[in-house]
Amino acid sequence: QVQVVESGGGLVQAGGSVRLSCTASGLTFYRDMGWFRQAPGKEREGVSCISATGYTTYYTDSVKGRFTISRDNAKRTLYLQMNSLKPEDTAMYYCAAGAPVGGSGCNINAFDYWGQGTQVTVSS
């Protein structure tokens, strides 16, 4: 069975940092991967996505310069380094796996496998 598991969330003060990790099993890891988030009362949005090789990345404008997505295919692990956190970053963060042939971009509808989410709360 396919399992996508996030970890690393928690409570952090504004201006602080946190690194999220995601491990996937039961599927090839050589595919588009992404981080999405959903805050209370808001729609889920793409935060950052990365191609199978790690060459192509996407960041939503609000996190550019603060967040960095990376992956270690040998470890089958996806990361999201989040720096200079703001209260507006508070959300449930989800790891998701897209198409094995690429082309998923950061379109939520192109991601088929989802983790359970990890909560990131940024206090002011």
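Residues numbered from 1 in each chain as written. Predicted model: local features only at pLDDT ≥ 70, side-chain atom pairs only at ≥ 80, totals over all residues. Heavy atoms only, no water.

A. Just the overall build of the protein, in detail. If you tally the helices and strands in the protein, you get 0 helices and 11 strands. The order of helices and strands in the protein, counted from the N terminus, is β-β-β-β-β-β-β-β-β-β-β. Relative to the globule expectation of 14 Å for 124 residues, the C-alpha radius of gyration of the protein, 13 Å, shows essentially globular dimensions. Across its three principal directions, the C-alpha atoms of the protein cover 40 × 30 × 25 Å. For the protein, with 124 residues in total, the buried portion stands at 44%. (Helix = DSSP H or I, 4+ residues; strand = E, 2+ residues; numbered from the N terminus. Rg over C-alpha atoms; globule rule 2.2 N^0.38 Å. Buried < 20%, exposed > 50% of the residue type's maximum accessible area, 1.4 Å probe, protein only.)

B. Spatial organisation of the sheet that holds strand 8 (residues 77-82). In space, the 4 strands of this open sheet follow the order 1-3-8-7, with antiparallel pairing throughout. Only two strands of the sheet have a single neighbouring strand rather than two, namely strand 1 (3-7) and strand 7 (67-72). When the angles between neighbouring strand axes are averaged without regard to direction, this sheet yields 15 degrees. (Pairing = 2+ DSSP bridges. Axes fitted to C-alpha atoms, helices over the stretch in contact; angles between N-to-C directions.)

C. Main features of the pattern of salt bridges. Taken as a whole and assessed by the stated rule, the structure comprises 4 salt bridges. The shortest N-O distance in the salt bridge between glutamate 45 and arginine 37 comes to 2.8 Å. A relative accessible area of 6% places arginine 37 in the buried class. Aspartate 61 is the partner of lysine 64 in a salt bridge, and the nearest nitrogen-oxygen pair spans 3.0 Å. A single network of salt bridges, built from pairs that share partners, joins Arg37, Glu45, Arg66 and Asp89. (Salt bridge = Lys/Arg side-chain N within 4 Å of Asp/Glu carboxyl O.)

D. Structural detail: the packing of aromatic side chains. Scanning the model with the defined rule gives 3 aromatic pairs in all. On the numbers, 5.0 Å between centres and 70 degrees between planes, the contact of phenylalanine 36 with phenylalanine 111 is edge-to-face. One end of the pair, phenylalanine 36, is in strand 4 (residues 33-38); the other, phenylalanine 111, is in the loop between strand 9 (91-97) and strand 10 (113-114), with 75 residues separating them in the sequence. Under the relative-accessibility criterion, phenylalanine 111 is labelled buried at 4%. For phenylalanine 36, a relative accessible area of 0% translates into the label buried. (Phe/Tyr/Trp six-rings, centres within 6.5 Å; stacked < 30°, edge-to-face > 60°.)

E. Highlighting the state of the cysteines. The tally for this structure, following the rule as stated, stands at 2 disulfides. The side chain of cysteine 49 participates in a disulfide bridge whose partner is cysteine 106; the two sulfur atoms lie 2.0 Å from each other. Around the S-S axis, the bridge from cysteine 49 to cysteine 106 shows a dihedral of about 70 degrees and counts as right-handed. Here cysteine 106 lies in the loop between strand 9 and strand 10 and cysteine 49 lies in strand 5 (residues 45-50), a separation of 57 residues in the sequence. Overall, cysteine 49 belongs to the buried group, its relative accessible area being 2%. Regarding the disulfides, the protein carries the connectivity 1-3, 2-4 under sequence-order numbering of its bonded cysteines. (Disulfide = S-S within 2.5 Å.)

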